[in-house]
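# Understanding the architecture of this molecule
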Amino acid sequence: MPTISKSPWMMHYDGSSCNGCDIEVLACLTPLYDIERFGVINTGDPRQADILLITGGVNYHNESVVKQIYEQMPTPKVVVAVGICACSGGVFKDCYNIKGGVDTTIPVDIYVPGCAARPESIIDGVLQAVELLARKQTEAESATAAEGEAQ
Amino acid sequence: MKRTIVPFGPQHPVLPEPIHLDLVLEDEKVVEAIPSFGFVHRGMEDLASKRDFNDYLYVVERICGICSYMHGMAYCEGAERIFGVEIPDRAKYLRTIWCELSRLHSHLLWLGLLADAFGFEALFMQSWRVREKILDMVEDSTGGRLISSVNRIGGVARDMDSAMLAGFVAQFDKMESELRALTKVFLTDSTVRARLFEVGVLTKQDALLYGAVGPMMRASGIELDTRKLGYAAYGKLDFDIITSNGCDALARCEVRIGEIFQSFRLIRQAVDKIPAGEIYIPVSGNPKGEATVRVEQPRGEALYYMKANGTRNLERFRVRTPTFSNVYSLLKILPGAQFADVPLLILTIDPCISCTER
Ligand code: SF4
């Protein structure tokens, strides 16, 4: 099993959320839910993050910020859209400044529903992200190995 | 001395929400802070003209996920004023209880974030552990942890029976003693004091001049609380306005801690006094007229303005949220501060960016 699945680092960015989902993401870190028991650590630095959690949809002002954060992360990386806003725009879909869900700007791997998304479902989303991350790493490793053999 | 400009945010480890400041530094000292906003702007006020006024309630509740309940309540109060209806007494008491539960969870959240900002992680975890119990109460009574959607124009959608209310109050004693132990650390621990005492001083004159609201204002010695206007059932309940003359970050902490215990007191009284009866009266037709509502949110006074023209949609809906008023005070206390204190100072106003930018 790839090493990354034992200690993935996650990062959170608030797109244009109402705070509801943000606070639930933070609640995942606290004693009752404690996501760290799965080896996941929260970081504030995109360059060290493997999993990106985005709450809230993307608007025209933070579009470039979201893209920049995504590009700064090392590969393999997984993006989790937390909450209905991040999945599709949610209640704010018709607002003039909302571009839509996170997938209008960067590729999203996992969608966590709910308004606000419950900590249990956020943890479920993160754990699926960890599995996906491990798979992506294995694929990348076998691809480089195959390349090495071909030479 | 040479000046450096350090960009701060929008993505920053300490802040759960995006705010951007250009900090002009001289060595380690901040000389000026230039903010730029709009990272969470959605354009919700405009949505009022596209949504049915009953449906718009669900949008208003999502101005902010933390004070969600109070936003919804204020919107309903405004609509009720336009319709000229008086909601049943029981509904008013229920609203008060939910309001105070929101205040409790918001202040505990803030205490945790503050502890996190000055690097005391154990305190952060402990504050949030207690907060979860409040959220359990909210969930038991409304069905949602943060976004509860129990307000309706004309009352509330759910009732709490006496067993449930008694159950809540029964838990308060233990919670209060836990919180006393916890808050003692905030107020007396020497490392915490070293980070908070005489940091970010906002004098009484400045608080008036810059229009500070809420705990920020009360920590500068001004005794004012919108709850004393008596909306919902506050007029029939007794509580103290907590103030402090410290004017610094520690005073803000003190005020919020004091308010936590006042909230327990308010809920206890409300549970004792709550009358039996209806919780909702049906309201029909389209609204026509104007209303202005002021409510005291955990972060301070929020002002709502609604204008309806007799159609299904509101003509105008406007909110001035507490953080919007407090940003000026923040820009006042930042110059002169140490660079390392900047995240902490931003937190002392208890910023809610999604309210401010809507
Ligand atoms: S999904 Fe709901 S709770 Fe989450 S950010 Fe959107 S409106 Fe807020």
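Residues numbered from 1 in each chain as written. Chains lettered and ligands numbered in written order. Predicted model: local features only at pLDDT ≥ 70, side-chain atom pairs only at ≥ 80, totals over all residues. Heavy atoms only, no water.

## Brief notes about the overall build of chain A
Spelled out, the test is: In this description a helix means any DSSP run of H or I spanning at least four residues, a strand means any run of E spanning at least two, and both kinds are numbered starting from the N terminus. We compute the radius of gyration from the C-alpha atoms alone; for a globule the expected value is 2.2 Å times N to the 0.38, where N is the number of residues. Buried means the residue's accessible area, taken with a 1.4 Å probe over protein chains only, is under 20% of the maximum for its type, while exposed means over 50%, and partly exposed covers the values in between. The contact rule is simple, with two residues in contact once any of their heavy atoms fall within 4.5 Å. Per-residue and other accessible areas follow the Shrake-Rupley method at a 1.4 Å probe size, with only the shown protein chains counted as cover for residues.
Helix and strand counts for chain A stand at four helices and seven strands. When the helices and strands of chain A are listed from N to C terminus, the series reads β-α-β-β-β-α-β-α-β-β-α. Taking 2.2 N^0.38 as the reference for a compact globule, 151 residues should give roughly 15 Å; the C-alpha atoms of chain A span a radius of gyration of 16 Å, in line with that estimate. Counting only C-alpha atoms and orienting by the principal axes, one finds that chain A spans roughly 55 × 35 × 25 Å. Relative to its full complement of 151 residues, chain A shows a buried share of 57%. For chain A, contacts bridging at least 24 residues in sequence account for 81% of all contacts bridging at least 6. On chain A, roughly 6300 Å² of surface is accessible, and the fraction owed to carbon and sulfur atoms is 52%.

## Considerations on the packing of helix α4 (residues 89-117) of chain B against helix α10 (residues 249-273) of chain B
Residues and elements named next belong to chain B. Selection criterion: For helices, the axis comes from a line fit to the C-alpha atoms of the stretch in contact; other axes are also lines fit to C-alpha atoms, and the angle between any two N-to-C directions lies between 0 and 180 degrees. Each angle gets one of four labels, with under 35 degrees taken as roughly parallel, over 145 as roughly antiparallel, 65 to 115 as roughly perpendicular, and the rest as oblique. Left-handed describes a crossing in which the near helix is turned anticlockwise from the far one by less than a right angle; the clockwise case is right-handed.
It is at 9 Å that the axes of α4 and α10 come closest, and there the two elements cross at 155 degrees. Comparing the axis directions of α4 and α10 gives the class roughly antiparallel. As α4 packs across α10, the resulting crossing turns out to be left-handed.

## Quick notes on the sheet that holds strand β1 (residues 9-14) of chain A
Residue and element names in this part refer to chain A. Convention followed: Strands are treated as partners if at least two bridges between them are detected by DSSP.
Pairing in this open sheet of five strands is parallel, and the strands run β2-β1-β3-β5-β7 from one edge to the other. Bordering the open sheet on either side are β2 (41-43) and β7 (110-112), each of which pairs with just one other strand. In this sheet, neighbouring strand axes are inclined to one another by 30 degrees on average, regardless of whether the strands run parallel or antiparallel. Pairing analysis gives five bridges linking β1 to strand β3 (residues 51-55), with the strands arranged parallel. Residue pairing across strands places histidine 12 opposite leucine 53, the latter belonging to β3.

## Re the pattern of salt bridges
Residues and elements named next belong to chain B. Defined as follows: For salt bridges, the criterion is a side-chain nitrogen of Lys or Arg within 4 Å of an Asp or Glu carboxyl oxygen.
The final tally for this structure, using the stated rule, is 37 salt bridges over all chains. The partner of aspartate 52 in a salt bridge is arginine 312, and the shortest N-O contact between them spans 3.0 Å. With aspartate 52 in the loop between α1 (44-47) and α2 (53-60) and arginine 312 in the loop between β7 (300-309) and β8 (314-320), this residue pair connects regions lying 260 residues apart in the sequence. The partly exposed category is assigned to arginine 312, whose relative accessible area is 38%. Across the pair arginine 195 and aspartate 341 runs a salt bridge, and its minimum N-O distance is 3.2 Å. Here aspartate 341 lies in the loop between α11 (322-333) and α12 (342-348) and arginine 195 lies in helix α7 (residues 190-196), a separation of 146 residues in the sequence.

## Details of unusual backbone geometry
Looking along the chain, the bond that leaves Thr75(A) and enters Pro76(A) is cis, with omega of -5 degrees. Examined against the element boundaries, Pro76(A) turns out to sit in the loop between α2 (63-72) and β5 (78-82). The omega angle of the peptide bond from Cys115(A) to Ala116(A) is -10 degrees, so this bond is cis rather than trans. Looking at where Ala116(A) falls in the secondary structure, it is placed in the loop between β7 and α4 (119-150). At Ala232(B), a position not held by glycine, the phi torsion is positive, near 45 degrees.

## Thoughts on the interface of chain B and chain A
As a reminder, the rule being used: Summed over both partners, buried area is the accessible surface (1.4 Å probe) that two parts give up on being assembled. Counting of polar contacts relies on pairs of N or O atoms within 3.5 Å, with two restrictions inside protein: one atom must be capable of donating a hydrogen and the other of accepting it, and residues adjacent in sequence are counted only when both atoms are side-chain atoms. Any residue that is not Ala, Val, Leu, Ile, Met, Phe, Trp, Tyr, Cys, Pro, Asp, Glu, Lys or Arg is counted as polar, Gly included; the first ten are nonpolar and the last four charged.
Opposite the 37 residues of chain B that make contact, chain A presents 38 residues. Summing the contributions of chain B and of chain A, the shared interface buries around 3200 Å²; its carbon and sulfur component is 63%. One can count three salt bridges joining chain B with chain A. One salt bridge connects Glu24(A) with Arg145(B), and the closest N-O pair in it is separated by 2.7 Å. In this assembly, chain B and chain A are joined by 13 residue pairs in polar contact (both at pLDDT 80 or more). Of all the secondary structure elements, the ones that give two or more residues to the side of chain B that touches chain A are α1, α4 and α5 (121-142) of chain B. In the side of chain B that touches chain A, the residues fall into 20 nonpolar, six polar and 11 charged.

## Looking at the confidence of the model for chain B
How we decide: Confidence of the prediction at every residue is given by pLDDT, a number between 0 and 100.
The predicted model of chain B averages 86 in pLDDT, with 100% of residues at 70 or higher. Here the predicted complex scores 0.87 on pTM and 0.82 on ipTM.

## Notes on the nonpolar core
Spelled out, the test is: Nonpolar core, defined: a set of buried Ala, Val, Leu, Ile, Met, Phe, Trp, Tyr and Cys residues in which side-chain atoms within 4.5 Å join the residues together.
Core analysis: the biggest nonpolar cluster contains 154 residues, and Tyr56(B), Tyr75(B) and Phe317(B) have the highest contact counts within it. In terms of nonpolar packing, the next biggest core, distinct from the first, is built from 19 residues, Met11(A), Val66(A), Ala81(A) and Ile106(A) among them.

## With respect to the environment of Ile84(A)
Residue and element names in this part refer to chain A. If you trace the backbone, isoleucine 84 turns up in helix α3 (residues 84-88). On the basis of relative accessible area, isoleucine 84 is assigned to the partly exposed category, the value being 34%. If we ignore the near neighbours within four places in the chain, the residues touching isoleucine 84 are Gly89, Gly90, Val112, Pro113, Gly114 and Cys115.

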